[in-house]
Amino acid sequence: MKGALAAMERSDYQTANSIFRNLIDSGQPLPEEMPYYFSETLFHLGQFDNSQNFVNKYLELTGFNGQNYEYAVRLKEKLKEPLAQIIACELCDRRGYRYAPCPLCDGNKQVEQACAYCKANGVVGCSRCGASGMLKKLNIFNIVEFFECERCTGKGRLSCSSCGGSGKEVSACKNCEGSGKTASADLCSHAEHTHPDPTKK
Ligand SMILES: [Zn+2]
Ligand SMILES: [Zn+2]
Ligand SMILES: [Zn+2]
Ligand SMILES: [Zn+2]
């Protein structure tokens, strides 16, 4: 953990972050003060939601006795504003990562796929006549007579009711659960566009 603290000392939070993550991944018992230092690092990296998780964990584990208790309480205060901004912003998820259009549905929320009911054929066999197009009936002389099935007008097949005969169905995109957007790896600025406006000076 010394290496991480030294990195924090020189404001190299990226390095501190990767040292902390290696420490967590190593599966070894973590130093008691580590969650606090990690949460402070995450705060500086703009990962506010994660920072809050670790500072809460720290306070939960050490209570009032942690060496960094006061700092932890102060960090929680400092987190309030950026976390409120994230909640108020519609351009990012609750961790503060900017949304991008879903790559699978291209932001359309829905995707077109083969109709599951007719297996993309657009037609299904008529159930009334068993797809034969004919119905059998016994007449009063007990003789079998054949009639054209009126449901499918003798064709034995019907246009698929599920897809209306197109063979395709449109359903909510599973990748983005129909929201049309997925979180990117970029932290959100909470502003529409950050491109400088060339018409302004
Ligand atoms: Zn999608
Ligand atoms: Zn029929
Ligand atoms: Zn269909
Ligand atoms: Zn945002």
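Residues numbered from 1 in each chain as written. Chains lettered and ligands numbered in written order. Predicted model: local features only at pLDDT ≥ 70, side-chain atom pairs only at ≥ 80, totals over all residues.

### A short note on the packing of helix 1 (residues 2-9) against helix 2 (residues 13-25)
For clarity, the cut-off: Only C-alpha atoms enter the line fits that serve as axes; for helices the fit covers just the stretch in contact. Angles between N-to-C directions range over 0 to 180 degrees. Starting at the N terminus, helices and strands are each numbered in turn, a helix being any DSSP run of H or I of at least four residues and a strand any DSSP run of E of at least two. The scheme is simple: roughly parallel for angles under 35 degrees, roughly antiparallel for over 145, roughly perpendicular for 65 to 115, oblique for anything else. Crossing chirality is assigned from the near helix's rotation relative to the far helix, an anticlockwise turn below a right angle marking it left-handed and a clockwise turn marking it right-handed. Contacts are defined on C-beta atoms placed from the backbone: any two residues whose C-beta positions lie within 7 Å are in contact.
In contact at an axis separation of 7 Å, helix 1 and helix 2 are set at 160 degrees when each is read in the N-to-C sense. In this view, helix 1 runs roughly antiparallel relative to helix 2, as classed from their interaxial angle. For the crossing formed where helix 1 meets helix 2, the hand is left-handed. Across the interface between the two elements, Gly3, Ala4, Ala7 and Met8 from helix 1 touch Tyr13, Thr15, Ala16, Ile19 and Phe20 from helix 2.

### Here's the deal with the domain arrangement of the chain
Defined as follows: Start and end points for every domain follow an automatic or database-based domain assignment.
Per the domain assignment, the segments making up the chain are domain 1 (2-88) and domain 2 (110-172). Using only C-alpha atoms to locate each centre, domain 1 and domain 2 end up separated by 64 Å.

### Focus on the packing of helix 3 (residues 34-44) against helix 4 (residues 48-62)
To be explicit about the condition: Any residue that is not Ala, Val, Leu, Ile, Met, Phe, Trp, Tyr, Cys, Pro, Asp, Glu, Lys or Arg is counted as polar, Gly included; the first ten are nonpolar and the last four charged.
Their axes nearest at 8 Å, the elements helix 3 and helix 4 cross at an angle of 160 degrees. Regarding the angle of helix 3 to helix 4, the classification is roughly antiparallel. Our pair here, helix 3 against helix 4, has a crossing hand that is left-handed. On the side of helix 3, the interface is formed by Pro35, Tyr36, Phe38, Ser39, Leu42 and Phe43, while helix 4 contributes Phe48, Asn50, Ser51, Phe54, Val55, Lys57, Tyr58 and Leu61. When grouped by side-chain class, the residues that make up the contact of helix 3 with helix 4 number 10 nonpolar, three polar and one charged.

### Points about helix 4
To keep it simple, the criterion reads: The length a helix should cover is 1.5 Å for every residue beyond the first. Remark: C-beta atoms are placed from the backbone, and a residue is labelled buried if 20 or more other C-beta atoms sit within 10 Å of its own, exposed if 12 or fewer do, or partly exposed between those counts. Throughout, the arc means that of the directions going from the helix axis to the C-beta atoms.
When the terminal C-alpha atoms of helix 4 are compared, their 21 Å separation across 15 residues agrees well with the 21 Å that a helix rising 1.5 Å per residue should span. Turning to helix 4, its buried residues number three or more, namely Phe48, Ser51, Phe54, Val55, Tyr58 and Leu59. The buried residues of helix 4 occupy one face: seen down the axis, they fall within an arc of 135 degrees. Looking at the buried positions of helix 4, the neighbouring elements they touch are helix 3 and helix 5 (69-88). Looking at the residues trailing helix 4, positive phi occurs at Gly63, about 60 degrees.

### Brief notes about unusual backbone geometry
Positive phi, normally seen in glycine, also occurs at Thr153, with a value near 45 degrees. With respect to the helices and strands, the residue Thr153 is situated in the loop between strand 5 (144-148) and strand 6 (157-159). Given 11 C-beta atoms within a 10 Å radius, Thr153 is considered exposed. Despite not being glycine, His190 shows a phi value in the positive range, around 60 degrees. Given 15 C-beta atoms within 10 Å, His190 falls into the partly exposed group.

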